[in-house]
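What follows is the residue order along each chain.
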Amino acid sequence: MAKTTYSLMEIARIGVLFLPGDRLEKVMPPERRDYPVRVTAKHEFAYGDEVDFDEDNFNALKRVLLLLERIDPARRPYSALWIRRPENPALGEVMVAGGKLPKEGHHIQPLWPDILRAFGGQPTRLDRDNGQTVYYPVHNSDESIVGVLEVSEKVPGLFI
Amino acid sequence: MADSMLIHNMIRICPQSGDVLEEEARIRALAELRETPLALTSPRNAYVSFQIIVDLNGGHAADLSIEAEPLQGDRDAIAAAEYTFYAQWYHHIDGKYYPDALVPLTEGGASVRTLGEVTGLNAVPGQAYAACWVDLFVPADIHPGEYKGAVRVRTGNAVQTLPFTLHVITTIVPNESLMIADLNSYADNLSNRMKYLRNNEERYEDGTYYKVERQFFRMAHEHRCLLHYLPYEHSGAVPPVFIPELGGKGKELRVKDWSTFDEHFGPYLDGSAFADTKRGAIPIPYMYLPFNFHWPADYVKFGTKGYRSEFTSVMNAFHRHFTERGWLHTTFELFLNHKKRYKLFPYDGDETRFVWDEKVNDIFYELARDALEAKEGARFVFRTDASWSYGLHFGKYADKIKLWVVNALIFSWFPESLPVLRAAGDTIWTYGAAEKIGQTLLGTAISPLTAILRGVDGFVYWENTHWGARWFETPLGEGSETLFYPGDELFGILGPIPSIRLKTLRNVMQLADCMEAWIRRQPEGGRERMSGLIAEALDIAPGSWWPGKSDLVNKPPYEWDDAGFSEAPRARLHQGKPPEALGDLTRNIWRILG
């Protein structure tokens, strides 16, 4: 039987069917969701000291990310979930990473046009160097967009 | 012609002005140093080091070279082949030039490059002085006594002979260290950071990776240190040659093939990788296991019986294999380095801050229990790196966690933890970073001495291969993340070159190992005696290495803030002290040990 292959966009489309957006909204405990404003130190490392997760919600999302990376056995993509920072929606960050951290890393950073397009509701493809990234909106049970799924292949993840 | 002199090893000389760079030094002018003949004292089976400072007298150093004569004693000689000469390489730090990288001029007693060649490549503007670091190995089988030696500085046809004396004492430095000087790094940074490896996609298959990596392990070993190379990324991904090949899933998961793993690690674990070093074929004392949140068990299954099946069966296979191979001299560590800040996992396996993450200790102890509690065979232990929650955990986990690597500052707040962990038979190291190049060399010496003072088993520098892309100009973080430099690009050396700080650390480790051996031979009071001598040399109050508790400990760790750390008590042991204090201490110790 001929093998079926899936585009990254198709993998992302299937993946978001199983990603519970409500859990992404609650992936940090309530007292940590505003963690950037708790940081008093100037150095970047201190931000990480304030990060904490709700393990059940995190693990539920992580499990789906790791599984969606296996939808097409002929591909070796990695995935991550991005959110916009509530205190400054121009900024975003990875909140849950699958098999690797995205190339952009784990820090809070300004969002760029391609990912902003997905936050606006449009699945978006970004070709870069020899690889490809797709960004796909993630909804909660109220059908609000609460995050963006990244699926990347042949884009070096952050080595850490 | 060049004009040269010999000086001791605890100061560095500015290549432009000739001033002593250590501001705390008792003597800061070369003219004064010239008045003091070099008189060395050393135990046997040890390196002793000194420096040759060459005043270029306005000339250039192109034809400058160094030679040595054998040392002559009444009953023995020390062969010229026991010398190793290194050109000091200067780095630009805060507007000054400091030497740190050491470029070998000799290998096995034969000249491979000249001081002049290295000085030309370094190209320090306005350079007036060049410097050579000298290592002299004092063999274990020579008679104690007085020896006379000399080195020759040759400039063209002109030769200057520089004599010195060496007093060899009876003490023999043991090949095996009683203290662990742990140089940590993360796989596979060597491949990322060395051009020779980075440019070779076949490096794992064609054997070149092993050869280069082994040079790092050997250099650490020869300097009485341990290269400790964590074999996985924060994601849990492991480079292929750091793990055996697995097959199957769930309860069928098995090790299929050990051959690559054994080829990689076998020589470190049976000691053969070190066979022709001065310390000999000693297996590495500690090694990380590759087990983590996502290997060998699939994190998709975390919390299920399948996760347990996968983790436990492979852990037990490791224990069986290591036992069958006779790797019984190394302690193997189950260590979970994951940090939630990287958003790959929801738990801190490393440096627990949120106390509820301590469940990770319980979960993984249970998964590895068979291997961790095995009465026979290879020694597997659970290791933790502790900071925020150390005060909450040392009592609670003393029976499960057998290797504690504790933030040096926070450890100093808890002297009461020491007897608790000792009673449980646990090993304790502290962790910090290598001293910056721009700081006094006494700062490099202080880690082994502090371990003696506090009675711990070792210390860790958290990163030691992060030299930075422009290390030959200014190393990343002033060298606080490396004690090695890559030899490939500038010198064609397919491995590391050492640093002055690594040499300094080795010299102090020799001293500390002898002190620790002496302490253990005393029926009681040995540590107090040695601590008293360190305190006297550093002119510090007895007990000042336990500075008292921070108010932070009265709050849960997740409420600690930067202000609390700023105000926390800190032991100040070497700051502002003359680097010659180490010489005072060393002479005192050798006099007592004989």
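Because the structure is a prediction, the values reported are computed rather than measured.

J.: Just give me the short version of the overall build of chain B, but keep the residues and values in it.
T.: Along chain B, the regular secondary structure elements total 17 helices and 25 strands. For a compact globule of 594 residues, the expected C-alpha radius of gyration is about 25 Å, and chain B comes in at 25 Å, within 12% of that figure. Pairs at least 24 apart in sequence give 70% of the contacts found in chain B among residues at least 6 apart.

J.: An account of the sheet that holds strand 7 (residues 83-93) of chain B is needed here, citing residue identities and associated values.
T.: Strand pairing in a sheet is mediated by backbone hydrogen bonds. Such pairs are either parallel or antiparallel. All names here are of chain B. One open sheet holds the 5 strands; their spatial order is 1-3-11-7-8, and the pairing between them is antiparallel. In this open sheet, the two strands that pair with only one neighbour each are strand 1 (3-7) and strand 8 (96-104). With direction set aside, neighbouring strand axes in the sheet form an average angle of 30°. As paired strands, strand 3 (residues 46-55) and strand 11 (residues 129-138) are joined by 10 bridges and run antiparallel to one another. When the bridges of strand 11 are listed, valine 48 appears paired with leucine 136.

J.: Lay out the environment of A:Gly92 with the relevant residues and their values.
T.: Residue and element names in this part refer to chain A. Residue placement: glycine 92 occurs in strand 2 (residues 88-97). Taking the C-beta count within 10 Å as the criterion, glycine 92 has 22 such neighbours and is therefore assigned buried. Sequence separation between glycine 92 and isoleucine 108 is 16 residues, and the spatial gap between their C-alpha atoms is 5.5 Å. Leaving out residues up to four positions away in the same chain, glycine 92 has contacts with Trp82, Ile83, Arg84, Arg85, Gln109, Leu111 and Ile115.

J.: Give me the lowdown on the confidence of the model for chain B, citing residues and values where you can.
T.: With 99% of its residues at a pLDDT of at least 70, chain B reaches an overall mean of 96. Under the prediction, the complex receives an ipTM of 0.97, its pTM being 0.96.

J.: How would you summarise the packing of helix 7 (residues 305-324) of chain B against helix 8 (residues 359-372) of chain B if you had to cite specific residues and measurements?
T.: Residues and elements named next belong to chain B. Between helix 7 and helix 8, whose axes approach to 9 Å, the crossing angle comes to 20°. Compared by their axis directions, helix 7 and helix 8 come out roughly parallel. The way helix 7 lies across helix 8 gives a crossing that is right-handed. The residues of helix 8 that touch helix 7, namely those facing Arg308, Phe311, Thr312, Met315, Asn316 and His319, are Leu367, Ala368, Asp370 and Ala371.

J.: Tell me about the environment of A:Asp56, residues and numbers included.
T.: All names here are of chain A. Within the secondary structure, aspartate 56 sits in helix 5 (residues 55-68). We classify aspartate 56 as partly exposed; it has 13 C-beta atoms within 10 Å. In sequence terms aspartate 56 and arginine 23 are 33 residues apart; their C-alpha atoms lie 8.6 Å from each other.

J.: Explain the interface of chain B and chain A residue by residue, including any values.
T.: One frequent convention defines the size of an interface as the accessible area lost when the parts assemble. With 19 residues of chain B at the contact, the number on the chain A side is 25 residues. Here the residues of the side of chain B that touches chain A sort into 9 nonpolar, 3 polar and 7 charged.

J.: Now, about the pairing of strand 13 (residues 158-172) of chain B: what can you tell me, with residues and values included?
T.: Residues and elements named next belong to chain B. Bridge count for strand 2 (residues 39-44) against strand 13 is 5 bridges, and the pairing is parallel. The residue of strand 13 that forms the bridge with threonine 41 is histidine 167. Where strand 12 (residues 145-155) lies against strand 13, 11 bridges are found, and the strand directions are antiparallel. Bridging across to strand 13, lysine 148 finds its partner in threonine 165.

J.: Got a sec to walk through helix 1 (residues 8-17) of chain A? Specific residues and values, please.
T.: Residue and element names in this part refer to chain A. By the burial criterion, the buried members of helix 1 are Leu8, Ile11, Ala12, Gly15 and Val16. One side of helix 1 carries all its buried residues, which in axial view fall inside an arc of 125°. Against the buried residues of helix 1 lie helix 5, strand 1 (78-85), strand 5 (131-139) and strand 6 (145-153).

J.: Explain the sheet that holds strand 15 (residues 226-230) of chain B to me, using residue names and the numbers behind them.
T.: All names here are of chain B. Read across the open sheet, the 8 strands follow the order 15-14-23-22-21-20-19-18; overall the sheet is parallel. At either end of the open sheet lies a strand with only one pairing partner, and these are strand 15 and strand 18 (286-288). Strand-to-strand twist across the sheet, computed as the mean angle between neighbouring axes with direction ignored, equals 30°. With 4 bridges joining them, strand 14 (residues 180-186) and strand 23 (residues 458-461) adopt parallel strand pairing. Each residue of the ladder has a partner; that of leucine 183, found in strand 23, is tyrosine 461.

J.: Any details on the domain arrangement of chain B? Residues and values, ideally.
T.: All names here are of chain B. Assigned domains within chain B: domain 1 (3-172) and domain 2 (180-499). When each unit is reduced to the centre of its C-alpha atoms, the spacing between domain 1 and domain 2 is 35 Å. Contacts between the two partners involve 16 residues from domain 1, matched on the other side by 16 residues from domain 2. Mapped onto the side of domain 1 that touches domain 2, the elements with two or more residues apiece are strand 7 and strand 8. Tallying contributions element by element places strand 8 first for the side of domain 1 that touches domain 2, with 6 residues. For the side of domain 1 that touches domain 2, the per-class residue count stands at 9 nonpolar, 2 polar and 5 charged.

J.: Break down the pairing of strand 2 of chain A for me, citing the residues and quoting the values.
T.: Residues and elements named next belong to chain A. Where strand 1 and strand 2 come together, 6 bridges link them in antiparallel fashion. Paired with arginine 85 across the bridge in strand 2 is asparagine 88. Between the antiparallel neighbours strand 1 and strand 2 lie 2 residues. Here 2 bridges tie strand 2 to strand 3 (residues 109-110), and the two strands are oriented antiparallel to one another. Each residue of the ladder has a partner; that of leucine 91, found in strand 3, is proline 110.

J.: Hey, could you go over the packing of helix 14 (residues 500-521) of chain B against helix 17 (residues 580-593) of chain B for me, with residue numbers and the actual values?
T.: Two packed helices can be described by the angle between their axes and the distance between those axes. All names here are of chain B. Close contact between helix 14 and helix 17 brings their axes to 11 Å; oriented N to C, the two are set at 40°. Taken as axis vectors, helix 14 and helix 17 run oblique relative to one another. Crossing of helix 14 against helix 17: the hand is left-handed. Judged by residue contacts, Leu511, Cys514, Met515 and Trp518 of helix 14 engage Thr586, Ile589 and Leu593 from helix 17.

Conventions adopted
- Residues numbered from 1 in each chain as written.
- Chains lettered and ligands numbered in written order.
- Predicted model: local features only at pLDDT ≥ 70, side-chain atom pairs only at ≥ 80, totals over all residues.
- Helix = DSSP H or I, 4+ residues; strand = E, 2+ residues; numbered from the N terminus.
- Rg over C-alpha atoms; globule rule 2.2 N^0.38 Å.
- Contact = placed C-beta atoms within 7 Å.
- Pairing = 2+ DSSP bridges.
- Axes fitted to C-alpha atoms, helices over the stretch in contact; angles between N-to-C directions.
- Buried ≥ 20, exposed ≤ 12 C-beta atoms within 10 Å, placed from the backbone.
- pLDDT = per-residue confidence, 0-100.
- Parallel < 35°, antiparallel > 145°, perpendicular 65-115°, else oblique.
- Left-handed = near helix turned anticlockwise from the far one by under 90°.
- Nonpolar A, V, L, I, M, F, W, Y, C, P; charged D, E, K, R; others polar.
- Arc of directions from axis to C-beta.
- Domains from an automatic or database assignment.

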